Amino acid sequence: MISRRDFLKNAAKGIVGLSIPLAAIEIISPEKIFASKGDKKVRWVFLVDTYKCVGCGLCVKACKLENEIPYDANVTRTWVERYVIRKDGKVFADTPKGARDGFTTDKIALGEGKYQEIKKEDISQAFFVPKLCNQCENPPCVQVCPVGATYQAPDGVVLVDRKWCIGCGYCIMACPYGVRFFHPVYKTAEKCNFCYHRITKGLKTACVQACPFGARQIGNIKDPDDPVSKIIMTERVGILKEEYGTKPQVYYIGLNKEVR
Amino acid sequence: MPTMMSSLLLNLIVHGEEWTAKELFVYPNEYIYWSIQIVMYPFMTGLVAGAFVLSSLYHVFGVKQLKEMARFALVFSFALLFCAPLPILLHLQHPLRGFHVLMTPHFTSAIAAFGIVFFSYGAIVASELWFLYRRHFVDVSLSLKNKPDKSLSEWIRFLIFCSLTLGVYDVSEDALKRDERAIKILAGLGIPVACFLHGYAGFIFGSVKANALWMTPLMPVIFIMSAIVSGIALCILTYIVTMELRKLFVTRKKTPHQLYQSREEIKSVELNVIKMTSRYLLFFLIAAISLELLDLVFRGYTAVKSWDVLRSVIYGKDFTNIFILQYGVGNLIPFLLFLTPGLTIRRVVLGVILVLFGVFMMRWNVVIGGQAFSLTFSGYMHYHLPIIPHNLETFKEGFAGAASIFLLPFLLFWLMSKIFPVFSYKTEH
């Protein structure tokens, strides 16, 4: 009869022996398969012209309806910020309900139901800045997802798999731009994806389509003839929070140092 | 119709909205997403790691005075280990998908290492326990085996202990010597793994570059030091409580199996062990405080972009939490309590409770404090811990959920001490 010691020895040998041929098989990452299938000639980028934005909030409204983010829930995939800079240098900024209904009062919301009134003659400059996911080239949210439920498509857009997200919130914490949140219905991480279901079919994003002033544009940076690419390449544009090394792909015309 | 309305209304409440109050300019999607359970998570894993390191001080470094404590701390660490992942599970929006972390780990994420670290650590503690209690398992199962008329409970006990021996009944002098060597190796191996288990919890926070308060390479080290502090403190506390209970039993009835027979004997052993252990507690407490202060000084001195908002949080909004509750009540007072000559059990109890509170506040100030300011650096968020739950979410991520997580290890410890007797059994280890 085989002794216990021999049995264990042989079992260990067998396992090692079996695993050697297995090690020869390269573990295929789903990303590689996805990347090989995708179109390498597309890299989606976004261009915001802050001079053109009037803070009407139609983009926010359109986004909420298009992407089925509960209309009255206090989260949104895109939003518009209002900046008011006083002559004494003090900066005020707000975004009531993400500017879903635009900015209905001159007063600046301070949170908890309080408002600040700023006299017109004290204002040195005031402007609006639309915000959305930057679809970073080096996305920290993708890096930190423990299950790989959020990933970057080969065309640069960062997507979330609602069937796989465990809802830990690590990606929300990792995003320096605050674009992520939990979907109130699906309870999974949610973010702007440049209306991926639309752009991949040749349509514009809902916000681009809704903007009456052309403040928002989407384009393909790999196409030199794309009007957005031309502007990014030939004009002076800025990006948000460069210091985090995320390489954001939403470009801004008329970005001010006060913009957060 | 009313149910539809309420479900519609429910959908409007965003996760985090119930306990977050915003002030000044905050991005619309920002809430305190990581709440009390994420405070509990490093607190609990810290206790696990700390208790293990304490037990290893005896097994590896041969600190003889800790012999009594070592076995106790190891069993307690095992009980705590089962509770360490629970805060995360209660925090997850999809707890049933929690096992995805084990099945499809995405290794660029710090959290993905959880399964590997947790289970390797669990395996080490379990095998160390087995070697430590092997003789006990053999003794119990043999004595039950020879008993003629076994009752049902004795049958169950027999089966449990029989399987726990794993079929090894060799308790010769030689075999026990080998066990001891195995324990030493496992305990030695366990120290880096325990430190990794907790250091990696610190890494989860320290590597979030978007969070100005969290991002520091010191975070894992700070976490390990305070983990050891809290683990030792909890061991001392539980040790005192069990010793006091035993004193109570001794006065009521003299059981022949007890190791110490008289009240006086128990008392002198108790104080001796505690004095020794608290010296280690102080040592790690000093290390933890030094690192935390170094971090604070460094931030103030370098004063990068985020310093303005951090300063307003650290010295303003969170002043009471950080300087009074954490450093004052949680560090300074216990420090004085331990260092004043003529240490008494009562003072130790007060001291370790305050130390535990201090470590909890440290976790709180990191997790909640890190979300007290907006990513805009020009707004703040205030956390209101849900005390009385009014739905599942406010239970899970409220006071009630956190309290149940904290109490669970004690219950488990009580259950485990039925299998791994922590006092009454005499062994050579």
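As the structure is a computational prediction, the values presented were derived from the model and not from experiment.

Quick look at the sheet that holds strand E11 (residues 216–220) of chain A now. All names here are of chain A. An order of E11-E1-E12 is seen for the three strands of this open sheet, with the pairing classed as mixed. Strands at the two margins of the open sheet, each flanked by one partner only, are E11 and strand E12 (250–253). Across the sheet, the mean angle from the axis of one strand to that of its neighbour is 25°, orientation sign disregarded. One ladder, built from five bridges, connects strand E1 (residues 44–49) with E11; its direction is antiparallel. Each residue of the ladder has a partner; that of Leu47, found in E11, is Gln217. Docked against the sheet, helix H8 (residues 227–234) engages E1, E11 and E12, running at close to 95° with respect to E11.

Take the packing of helix H2 (residues 36–59) of chain B against helix H13 (residues 345–367) of chain B next. Residues and elements named next belong to chain B. Contact pair H2 / H13: the axes reach a minimum separation of 9 Å and the direction vectors enclose 140°. It follows from the interaxial angle that H2 and H13 lie oblique. In the packing of H2 onto H13, the handedness of the crossing is right-handed. The residues of H13 that touch H2, namely those facing Ile38, Val39, Pro42, Phe43 and Gly46, are Val359, Phe360, Arg363, Trp364 and Val367. Its residues placed into classes, the contact of H2 with H13 shows eight nonpolar, one polar and one charged.

Residue and element names in this part refer to chain B. The predicted model of chain B averages 88 in pLDDT, with 94% of residues at 70 or higher. Counted against residues more than four places away or in other chains, residues 1–6, with its pLDDT under 50, gives zero contacts. Across residues 425–429 the pLDDT falls below 50, and counting only partners more than four positions away or on other chains, this stretch makes seven contacts in the model. Scored by ipTM, the complex comes to 0.89, with pTM at 0.89.

Taken residue by residue, the interface counts 41 residues in chain B and 44 residues in chain A. Going through the elements one at a time, helix H1 (2–12), strand E1 (20–24) and helix H5 (100–103) of chain B are the ones with two or more residues in the side of chain B that touches chain A. Considering each element in turn, the side of chain B that touches chain A owes the most residues, four residues, to E1 of chain B. Split into classes, the residues belonging to the side of chain B that touches chain A amount to 20 nonpolar, 15 polar and six charged.

Residue and element names in this part refer to chain B. For the pair helix H6 (residues 114–145) and helix H8 (residues 173–206), the least separation of the axes is 9 Å and the interaxial angle reads 155°. As judged from the angle between their axes, H6 and H8 are roughly antiparallel. In this structure, the crossing between H6 and H8 has a hand that is left-handed. Here the contact of H6 with H8 is built from residues that sort into 18 nonpolar, three polar and four charged.

Before going further, it helps to examine the sheet that holds strand E2 (residues 79–86) of chain A. All names here are of chain A. With antiparallel pairing, the three strands of this open sheet are ordered in space as E3-E2-E6. Either end of the sheet is taken by a strand with one partner, and the two such strands are strand E3 (91–94) and strand E6 (123–131). Taking the axes of each pair of neighbouring strands and ignoring which way they run, one obtains an average angle of 15° across the sheet. Bridge analysis of E2 against E6 gives eight bridges, and the strand direction is antiparallel. Following the sheet pairing, Arg82 is matched in E6 by Phe128.

Cut-offs applied
Residues numbered from 1 in each chain as written. Chains lettered and ligands numbered in written order. Predicted model: local features only at pLDDT ≥ 70, side-chain atom pairs only at ≥ 80, totals over all residues. Pairing = 2+ DSSP bridges. Helix = DSSP H or I, 4+ residues; strand = E, 2+ residues; numbered from the N terminus. Axes fitted to C-alpha atoms, helices over the stretch in contact; angles between N-to-C directions. Contact = placed C-beta atoms within 7 Å. Parallel < 35°, antiparallel > 145°, perpendicular 65-115°, else oblique. Left-handed = near helix turned anticlockwise from the far one by under 90°. Nonpolar A, V, L, I, M, F, W, Y, C, P; charged D, E, K, R; others polar. pLDDT = per-residue confidence, 0-100.

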